[in-house]
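Residue-level structure breakdown
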Amino acid sequence: MRVGIIGAGQLARMLLESASALGLEVTILAEHPDDAAALTAHNVIIGTPKDPEALAALADVVDVITFDHELVDLDLLEELESAGTVRVAPSPAALICAVDKVAMRTHLAGHDLPMPDFLAIEPGSAFSFDDLGGRFGWPMVVKAARGGYDGRGVFVVDNVDDARTVINRLHGEGTTALIEEHVVIVSELAALVCRDSAGIIVSWPVVETAQIDGVCREVLVPGNVSDAQRQEGENIALAVADIVKNVGIMAVELFATERGLLINELAMRPHNSGHWTQDGSVTSQFENHLRAVAGLPMGAPSMTATHVACINVFGGPDALDPFHSLHDALGVSGAHIHLYGKEPRPGRKLGHVTVTGDDPDEIRHAGWAAAISLGTVMPDELKRETR
Ligand SMILES: Nc1ncnc2c1ncn2[C@@H]1O[C@H](COP(=O)(O)OP(=O)(O)O)[C@@H](O)[C@H]1O
Ligand SMILES: [Mg+2]
């Protein structure tokens, strides 16, 4: 079974670790030779995910194609799929719900799943800016339907002038604008499931995530997730997987609110909220994704400890390479360190640290101690006790 991965970031790099253990042959489509996964892969094709020739070259040497990111051309993937020489997992019909936030909202809206109120505004369509405030109130959230990640493409606007500016800019770029009610978020959670082509689904415990400026900074398992929320989140993710019929991993980002959980967005590739599974679960998201994509049986998603903390490592103001502080960071007892081999820049996600144990405060502190010694600055918002 030969697996192709479109994209060569840290997710592909970590998929390679699992593929190596399983003896799967992987070819990576990388934009640059120094991309995180291109540095560790044996087989690399250089090209962009939107270049038909590069995709054809990848399809030629693999049995199934999967993804490191969602900035892909669904039409090209559909052509590849219908040519029948290679499988695409998840298939473009499922993947659209992770590529396009409007498609996701519209698709799920018919299924009685809890979501924020929303409205899609296509470029050139007639609508009244003044009606927006009446329906959504201020502030409201404007999102690019496609192409956003890590909070890029998400704008909180306070008044009609700002809404007009953002929507017109998105339309100028040919992008549909997704308007959402501004949800009062109590906490952000994520549910992670893996579905195989027979429709079997395994599901990991729901986790608590902390985003700052749209970027995930820490993941706590179970964190402040009640049993009821865990059940509700898992049920939502299972229902979504049954509807969209993804093959492989799917993360469902959730808002915990006074009125229950609401679906934020979907990802159909290994997700930052699931990195903890490498060290805290019987089978990691990376391994199960590959198993599902390759048609192999999936492994148990159970936790190997009662608590897990996963802290992201970012480039600090002086952009030192975290690799140079590895010695100190490894001095933190129990810290599993994962570095992505990316060139350090201030604010760039460069790795993560996972710690497992019985005491949620202790492991969270240990995780942060290691991340800080690797150059991460702890945001003030997260300077609190675990509970
Ligand atoms: N409707 C909303 N109301 C309030 N906050 C939101 C809303 N949508 C997104 N956010 C905040 O912005 C972050 C990024 O939004 P998201 O749609 O997940 O974009 P991305 O694709 O960049 O991850 C979320 O994690 C959340 O903190
Ligand atoms: Mg998100």
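Rules of the game
- Residues numbered from 1 in each chain as written.
- Chains lettered and ligands numbered in written order.
- Predicted model: local features only at pLDDT ≥ 70, side-chain atom pairs only at ≥ 80, totals over all residues.
- Heavy atoms only, no water.
- Near = heavy atom within 4 Å.
- Polar contact = N/O pair within 3.5 Å; in protein donor to acceptor, adjacent residues only side chain to side chain.
- Areas by Shrake-Rupley, 256 points an atom, 1.4 Å probe, with all protein chains shown as cover.
- Helix = DSSP H or I, 4+ residues; strand = E, 2+ residues; numbered from the N terminus.
- Nonpolar A, V, L, I, M, F, W, Y, C, P; charged D, E, K, R; others polar.
- Domains from an automatic or database assignment.
- Buried < 20%, exposed > 50% of the residue type's maximum accessible area, 1.4 Å probe, protein only.
- Pairing = 2+ DSSP bridges.
- Contact = heavy atoms within 4.5 Å.
- Buried area = accessible area lost by both parts, 1.4 Å probe.
- Salt bridge = Lys/Arg side-chain N within 4 Å of Asp/Glu carboxyl O.
- Donors = N, O, S within 2.8 Å, 3.2 Å for Na, K, Ca; no water.

Some points on the site of ligand 1
- Around ligand 1, the surrounding shell holds 19 residues, and the nearest of these are Lys 101, Lys 143, Gly 151, Glu 188 and Asn 264.
- Interatomic distance of 2.5 Å between a side-chain N/O atom of Glu 188 and an oxygen atom of ligand 1.
- Contact distances for ligand 1 include 2.8 Å between an oxygen atom and a side-chain N or O atom of Glu 265.
- Expressed as a share of its isolated accessible area of 540 Å², the protein-covered part of ligand 1 is 89%.
- Elements with a minimum of two residues in the shell around ligand 1: strand S7 (140–144), strand S9 (177–181), strand S14 (248–257) and strand S15 (260–267).
- Here the shell around ligand 1 is composed, by residue class, of six nonpolar, five polar and eight charged.
- Residues from two domains meet in the shell around ligand 1; each of domain 2 (117–181) and domain 3 (187–382) gives at least three.

Overview of the pairing of strand S10 (residues 187–195)
- Summarising burial for S10: nine of the nine residues are buried, a large majority.
- The alternating pattern of S10 places Ser 187, Leu 189, Ala 191, Val 193 and Arg 195 and Glu 188, Ala 190, Leu 192 and Cys 194 on opposite faces, both of which are buried.
- Bridge count for S10 against strand S12 (residues 207–212) is three bridges, and the pairing is antiparallel. Residue pairing for S12: Glu 188 is matched across the bridge by Thr 209.
- As paired elements, S10 and strand S11 (residues 201–203) share three bridges and run antiparallel to each other. If you follow Cys 194 over to S11, its bridge partner there is Val 202.
- Here S10 hands over to S11 after five residues, with Gly 199 in that stretch at a positive phi of 90°.

Remarks on the domain arrangement of the protein chain
- Partitioning the protein chain into structural domains gives domain 1 (2–88), domain 2 (117–181) and domain 3 (187–382).
- Taken over C-alpha atoms, the centre of domain 1 sits 23 Å from the centre of domain 3.
- Opposite the 19 residues of domain 1 that make contact, domain 3 presents 22 residues.
- Together, the buried faces of domain 1 and domain 3 total about 1700 Å²; carbon and sulfur atoms form 64% of this surface.
- Here domain 1 is connected to domain 3 by one salt bridge.
- Ionic pairing is found between Arg 269 and Glu 70, a salt bridge with its closest N-O pair at 3.3 Å.
- Taken together, the links from domain 1 to domain 3 amount to six residue pairs in polar contact (both at pLDDT 80 or more).

Quick look at the coordination of the magnesium ion (ligand 2)
- Binding of the magnesium ion (ligand 2) to the protein goes through Glu 253 (OE), Glu 253 (OE) and Glu 265 (OE), at separations of 2.0 to 2.8 Å. Here the residue Glu 253 occupies a position in strand S14, and Glu 265 occupies one in strand S15, the gap between them amounting to 12 residues.

Some details on the pairing of strand S1 (residues 2–6)
- Within S1, four of the five residues are buried, which leaves the element mostly enclosed by the surrounding structure.
- In terms of strand pairing, S1 meets strand S2 (residues 25–30) through five bridges, oriented parallel. Residue pairing in the sheet places Arg 2 in a bridge with Glu 25 of S2.
- Relative to strand S4 (residues 64–67), S1 is paired through four bridges, and the arrangement is parallel. Bridge pairing in S4 links Gly 4 to Ile 65.

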